Amino acid sequence: MDIYDHPTFRMACQQFDRVAEYWQIPADEQARLKFPKRSMTVALPVHMDDGRTKVFTGHRVQHHLTLGPTKGGLRYHPAVALGEVAALAMWMSWKCALAGLPYGGAKGGIACDPLHLSQTELERLTRRYTQEMIPFIGEKVDVMAPDMGTNEQTMAWMMDTYSVHTGYTVPSIVTGKPVSIGGSLGRRESTGRGVGYLINRTMDTIGLEPGHSRAVVQGFGNVGSVAAFSLAKYGVKIVGVSDVSGGLHNAAGIDLWELEKYAAAKRTIAGFAGAEHVTNEQLLELPCEILVPAAMERQITGGNAAKIKCRILAEAANGPTTPEADVILDQREEIFILPDILCNAGGVIVSYFEWVQDLQSFFWTETEVMDKLFRILEGAFLQVLALSRKQKVSMRMAALSVGIKRVQEAKKIRGLFP
Ligand code: NAD
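Everything numeric in this text was worked out from a predicted model, so none of it was measured.

Here we take up the overall build of the protein chain. Assigned secondary structure in the protein chain consists of 14 helices and twelve strands. Here the C-alpha atoms of the protein chain give a radius of gyration of 20 Å, agreeing with the 22 Å that 2.2 N^0.38 yields for 418 residues. Oriented by its inertia axes, the alpha-carbon framework of the protein chain measures out at about 55 × 55 × 45 Å. Taken across its 418 residues, the protein chain has 57% of its residues classed as buried.

Have a look at this one:
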């Protein structure tokens, strides 16, 4: 399908093809599994604060509808493109299936730079996008959540716009919204805390002491900052962090609490006094026990995979490692990979809890949410580890295999209409 052609979509297809080949999935089933079911691209005219009208492009891709509604984030970033969104939707399908959630994968995005838009411009853009998506979404059809460049406020505007359209309040149309309007306790921190939990589990599995371990985190947004704090609470020293402006390094450890205050005030970590500046490329090659890419796709590539110096590569971002890098990392047996669809699944798992709570209008305590989250992550971690050891395949191959084979089974048993 040429409309999705993009380096990230090619990468997601390559990963799928490797799994399909390994398990000898028949060609006709492969085509049914791989390509997105539906996609929609919209033009979004928005009044800017200076009086101009600017037209933005937005996308939404629903990958498969076999197991329930589709579920996935909405991204605001200048590089958003249909093929990238389609790849992220495909990964969401395998992630939801791996976690045993009754969802297909979806993803959305608007090509824009949220750092250069005012709050009022962001609100108008979000409301216009939601309005354009109304024929395409619904609480039993497709449920959005925050991703890069979006947050609780974005979800609140989406919920409000949708509810005004229906004439009554529909909290379950989005997840990751503020707790005061039907969000779940623990959702904001869920992805990063899940990353922390799984890294701690991996340290235990391979015999690393948290108190003697150093971590480097690329991306200090929702996921990266919470993952960093979570690791620090387990006793890990955070020696490197970065955001889009570049990285910070301090071998003695970075004061996360000071950095968080600084980043909240400046909207960037650039210029923070408690560490020296490094580039994002240098950051990925810093010596550490735990490397956490928590920003963009395609950061660990054929060019730097041989140079990273960690024992655990915890993929908090979606698609941070290219297939070329995987070939190199497969040879580096000292590195344990927590693949993205497992590592960052905490976000969609608690999104699922939020959706269930909204549908029932019955809300859980934070302890209940976290307890249920860690149980699902633990089960998924053990399944993937067991399959990887049994078949002598990488953790990525094992994780994708569990997810893809569950969707394959569901499609087979439902049959094909007509
Ligand atoms: P965010 O917008 O809150 O933070 C993104 C961070 O990455 C920011 O610090 C930004 O400055 C930085 N960044 C952007 N481009 C960069 C670059 N080229 N180099 C280095 N840093 C860069 O986004 P987020 O919600 O934390 O999402 C981060 C990643 O985690 C994405 O890949 C997203 O798909 C994935 N993810 C997010 C969730 C969630 O619940 N938010 C769930 C699962 C996966």
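In this model, helix H1 (residues 7-22) (16 residues) spans 23 Å end to end at C-alpha, consistent with the 22 Å of a helix rising 1.5 Å per residue. Listed in full, the buried residues belonging to H1 are Thr8, Phe9, Met11, Ala12, Cys13, Gln15, Phe16, Val19 and Ala20. Where H1 is buried, its residues meet helix H2 (27-34), helix H3 (82-99), helix H10 (323-331) and helix H14 (395-414). The positive-phi residue at the C-terminal boundary of H1 is Gln24, with phi of around 50°.

With that settled, the discussion passes to the site of the ligand. For the ligand, the set of nearby residues contains 23 residues, the closest of which are Asp147, Gly149, Thr191, Ala295 and Asn318. One of the side-chain N or O atoms of Asn280 is found 3.4 Å from a nitrogen atom in the ligand. Take Asn318: an N or O atom from its side chain is 2.8 Å from an oxygen atom of the ligand. In isolation the ligand exposes 830 Å². Once the protein is present, 85% of that is buried. Secondary-structure elements contributing two or more residues to the shell around the ligand are helix H6 (187-206) and helix H7 (222-234).

Below, the discussion takes up the domain arrangement of the protein chain. Domains assigned within the protein chain are domain 1 (2-170) and domain 2 (190-343). The straight-line distance from the C-alpha centre of domain 1 to that of domain 2 is 26 Å. Its largest share of buried area at the contact with domain 2, domain 1 owes to Met11, Lys95 and Leu115, together 30% of the area lost on that side. If you look at where domain 1 meets domain 2, you find two salt bridges. The closest approach of N and O atoms between Glu297 and Arg75, which form a salt bridge, is 2.6 Å.

Strands in a sheet are paired, the pairing made by backbone hydrogen bonds, and the direction either parallel or antiparallel. With respect to topology, five strands assemble into an open sheet ordered E1-E2-E4-E3-E5, the strand pairing being mixed. Each of the sheet's edge strands pairs with one partner strand only, and the pair in question is strand E1 (38-47) and strand E5 (142-146). With direction set aside, neighbouring strand axes in the sheet form an average angle of 25°. Where E1 and strand E2 (residues 53-62) come together, ten bridges link them in antiparallel fashion. Bridging from a neighbouring strand, Ser39 pairs with Val61 of E2.

With that settled, the discussion passes to unusual backbone geometry. That bond from Phe417 to Pro418 is cis: its omega, 5°, falls within 30 degrees of zero. A positive phi angle, near 60°, is found at Arg267, a position not held by glycine. Taking the relative accessible area as the measure of exposure, Arg267 reaches 53% and is therefore exposed. A positive phi is found at Arg298, a non-glycine position, where the angle reads about 55°. If you trace the backbone, Arg298 turns up in the loop between strand E10 (290-293) and strand E11 (312-314).

Spatially, E9-E8-E7-E6-E10-E11-E12 is the arrangement adopted by the seven strands of the open sheet, whose pairing is mixed. The sheet terminates laterally at strand E9 (276-278) and strand E12 (336-338), the two strands that pair on one side only. Across the sheet, the mean angle from the axis of one strand to that of its neighbour is 20°, orientation sign disregarded.

Turning to the nonpolar core, a few remarks are in order. Ranked by size, the top nonpolar core spans 92 residues in total, and within it Trp94, Ile199, Val241, Ile290, Val292, Leu338 and Leu342 carry the most contacts. If you count residues domain by domain, this core takes at least three from each of domain 1 (2-170) and domain 2 (190-343).

Moving on: the packing of H1 against H2. Interhelical geometry of H1 versus H2 gives an angle of 145° and a closest axis separation of 11 Å. Where H1 crosses over H2, the handedness of that crossing is right-handed. Contacts between H1 and H2 involve Cys13, Phe16, Asp17 and Ala20 on the former and, on the latter, Gln30, Leu33 and Lys34. Split into classes, the residues belonging to the contact of H1 with H2 amount to four nonpolar, one polar and two charged.

A separate point is the environment of Gln408. Position of Gln408 among the secondary structure elements: in helix H14. Take Gln408: its relative accessible area is 12%, and that puts it in the buried class. Residues Gln408 and Leu33, spaced 375 residues apart in sequence, show a C-alpha to C-alpha distance of 6.8 Å. Residue contacts for Gln408: discarding those within four places in its chain leaves Ile25, Pro26, Glu29 and Leu33.

Calculation notes
- Each chain carries its own residue numbering, running from 1 in the written order of its sequence.
- Confidence filtering applies because this is a predicted model: local features only for residues at pLDDT of at least 70, side-chain atom pairs given and counted only at 80 or more, and all residues used for totals across whole chains, interfaces and linings.
- The basis for every side-chain value is the complete set of heavy atoms in the structure, and neither hydrogens nor water enter the calculation.
- Helix and strand definitions here come from DSSP, where helices need a minimum of 4 consecutive H or I residues and strands a minimum of 2 consecutive E residues; each element is numbered from the N-terminal end.
- Our radius of gyration looks at C-alpha atoms and nothing else; its globule reference is 2.2 Å times the residue count to the power 0.38.
- Only protein chains enter the accessibility calculation, which uses a 1.4 Å probe. A residue is then buried if its area is under 20% of the maximum for its type, exposed if over 50%, and partly exposed in between.
- Working rule for helices: expected span equals 1.5 Å times residues minus one.
- Contacts are assigned to residue pairs with any non-hydrogen atoms lying within 4.5 Å of each other.
- Summary of the distance rule: residues count as near a molecule or strand when at least one heavy atom falls within 4 Å of that molecule or strand.
- Distance and chemistry together define a polar contact, namely a pair of N or O atoms within 3.5 Å, with one atom able to donate a hydrogen and the other to accept it when in protein, and with adjacent residues in sequence counting only for side-chain atoms on both sides.
- Residue burial considers only the protein chains on display, and all accessible areas are found by Shrake-Rupley using a 1.4 Å probe.
- Domain start and end points were adopted from an automatic or database domain assignment.
- Put simply, buried area is the surface a 1.4 Å probe can reach on two separate parts but cannot reach once they are joined, added for both.
- Salt bridges are defined as contacts in which a side-chain nitrogen from Lys or Arg sits within 4 Å of a carboxyl oxygen from Asp or Glu.
- Pairing between strands requires that DSSP locate at least two bridges from one strand to the other.
- Lines fitted to the C-alpha atoms define the axes, with helices restricted to the stretch that makes contact. Angles between their N-to-C directions range from 0 to 180 degrees.
- As used in this record, nonpolar core signifies buried Ala, Val, Leu, Ile, Met, Phe, Trp, Tyr and Cys residues forming a set joined through side-chain atoms within 4.5 Å.
- Crossing handedness is defined as follows: a turn of the near helix away from the far one that is anticlockwise and smaller than a right angle gives a left-handed crossing, while the clockwise case is right-handed.
- Amino acids outside the nonpolar list (Ala, Val, Leu, Ile, Met, Phe, Trp, Tyr, Cys, Pro) and the charged list (Asp, Glu, Lys, Arg) are all regarded as polar, and Gly is one of them.

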